[in-house]
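Reading the structure
Listed below, chain by chain, are the residues.
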Amino acid sequence: MGVQIREYSPLDEEHVLDLSLRAWAPVFASMRRVQGEELFLRLHGDWREYQRKAVRQVLSESAMQVWVAETDGRVAGFVAATVSEPDRLIGEVSMLAVDPDAQGSGIGARLTEQATVWLRDAGMQIAMIDTGGDPGHAPARHVYEKADYTLMPVARYFKAL
């Protein structure tokens, strides 16, 4: 399968939204199991609408650099990066998703590398990526660890009020 990484175009929006929801379905199912129904619903409501809004926001942010991976003429993944703390020279890979039909083919690694190189070329000295510690985020953690990102354990607690 030939993969081409190219800059995102607004014409890609619906493809990116569609693949994102399919890619994150198991992630949100995992978070629902970990968080419990009440907390999950308070945090995310209808997770599809929550995620659709989050992706649209990332795609429309002017400070965000976004690329898509294309295979056989169709969008199979995307990544977004930004300079998050210019004073500290820290950049962030803000969002990454790969179509479930293309997962395991190296597209996530290629997109992560694209964003990392862009951050380095933008003068950043540190690149960071946030992801979940639940079972649904295990594939993402695998991609980031293969790309030589260092895990910084963080404890985040939630309570429904």
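The preceding data block contains the structure.
Residues numbered from 1 in each chain as written. Predicted model: local features only at pLDDT ≥ 70, side-chain atom pairs only at ≥ 80, totals over all residues. Heavy atoms only, no water.

**What to know about helix α2 (residues 37-44)**
Those residues of α2 that sit buried are Leu39, Phe40 and His44. Across the axial projection of α2, the buried residues extend over an arc of 105°, all falling on one side. Note on α2: the residue one or two positions beyond its end, glycine 45, has a positive phi of about 55°. (Buried < 20%, exposed > 50% of the residue type's maximum accessible area, 1.4 Å probe, protein only. Helix = DSSP H or I, 4+ residues; strand = E, 2+ residues; numbered from the N terminus. Arc of directions from axis to C-beta.)

**Considering the packing of helix α1 (residues 13-35) against helix α3 (residues 47-60)**
Contact geometry for α1 and α3: axes closest at 10 Å, N-to-C directions at 135°. Between α1 and α3, the interaxial angle falls into the category oblique. Handedness of the crossing formed by α1 with α3: right-handed. Residues Glu13, Glu14, Val16, Leu17, Ser20, Leu21, Trp24, Ala25 and Phe28 of α1 touch α3, and the partners they reach there are Trp47, Arg48, Tyr50, Gln51, Arg52, Val55, Arg56 and Leu59. Counted by class, the contact of α1 with α3 contains 10 nonpolar, 2 polar and 5 charged residues. (Axes fitted to C-alpha atoms, helices over the stretch in contact; angles between N-to-C directions. Parallel < 35°, antiparallel > 145°, perpendicular 65-115°, else oblique. Left-handed = near helix turned anticlockwise from the far one by under 90°. Contact = heavy atoms within 4.5 Å. Nonpolar A, V, L, I, M, F, W, Y, C, P; charged D, E, K, R; others polar.)

**Overview of the packing of aromatic side chains**
Applying the stated criterion to the full structure yields 5 aromatic pairs. Measuring from centroid to centroid gives 4.7 Å for phenylalanine 28 and tryptophan 47, while their planes differ by 15°, and the two rings are stacked. Taken together, the residues span a long stretch of sequence, with phenylalanine 28 in helix α1 and tryptophan 47 in helix α3 at a distance of 19 residues. For phenylalanine 28, a relative accessible area of 4% corresponds to the buried category. Relative to tyrosine 50, the ring of phenylalanine 28 lies with its centre 6.2 Å away and its plane at 80°, an arrangement referred to as edge-to-face. Of the two residues, phenylalanine 28 sits in helix α1 while tyrosine 50 sits in helix α3, which places them 22 residues apart along the sequence. (Phe/Tyr/Trp six-rings, centres within 6.5 Å; stacked < 30°, edge-to-face > 60°.)

**Comments concerning unusual backbone geometry**
Here the phi dihedral of leucine 89 falls at roughly 60°; this positive angle occurs in a residue that is not glycine. Among the structural elements, leucine 89 can be located in the loop between β3 (74-85) and β4 (90-98). We classify leucine 89 as partly exposed; its relative accessible area is 29%.

**What about the nonpolar core?**
A general trend in soluble globular proteins is that nonpolar side chains are found buried together. Judged by nonpolar contacts, the single largest core of 23 residues is most densely connected at Val16, Trp24, Val55, Leu59, Val66, Phe78 and Met95. Residue assignment for this core shows that the elements contributing at least two residues are α1, α3, β2 (65-71), β3 and β4. A total of 9 residues in this core trace back to one element, the largest contributor, which is α1. Not counting residues within four places of it along the chain, the set of residues in contact with tryptophan 24 comprises Trp47, Gln51, Val55, Phe78, Met95, Leu96 and Ala97. (Core = buried A, V, L, I, M, F, W, Y, C linked by side-chain atoms within 4.5 Å.)

**Points about the packing of α1 against α2**
Two elements in contact, α1 and α2, have axes whose closest approach is 6 Å; the angle formed by their N-to-C orientations is 130°. When the interaxial angle is binned, α1 and α2 end up oblique. Crossing hand, α1 versus α2: right-handed. Contacts from Phe28, Met31, Arg32 and Gln35 in α1 reach Glu37, Leu39, Phe40, Leu41, Leu43 and His44 in α2. In terms of residue class, the contact of α1 with α2 is made up of 6 nonpolar, 2 polar and 2 charged.

**A word on the sheet that holds β4**
Strand order in this open sheet of 5 strands is β1-β2-β3-β4-β5, and the pairing throughout is mixed. The sheet is open, and its two edges are formed by β1 (3-7) and β5 (126-129), each paired on a single side. Across the sheet, the mean angle from the axis of one strand to that of its neighbour is 25°, orientation sign disregarded. Each of β2, β3 and β4 is contacted by α3, which is oriented at about 130° to β4, the strand it contacts most. (Pairing = 2+ DSSP bridges.)

These values are about where atoms sit, not about what they do.
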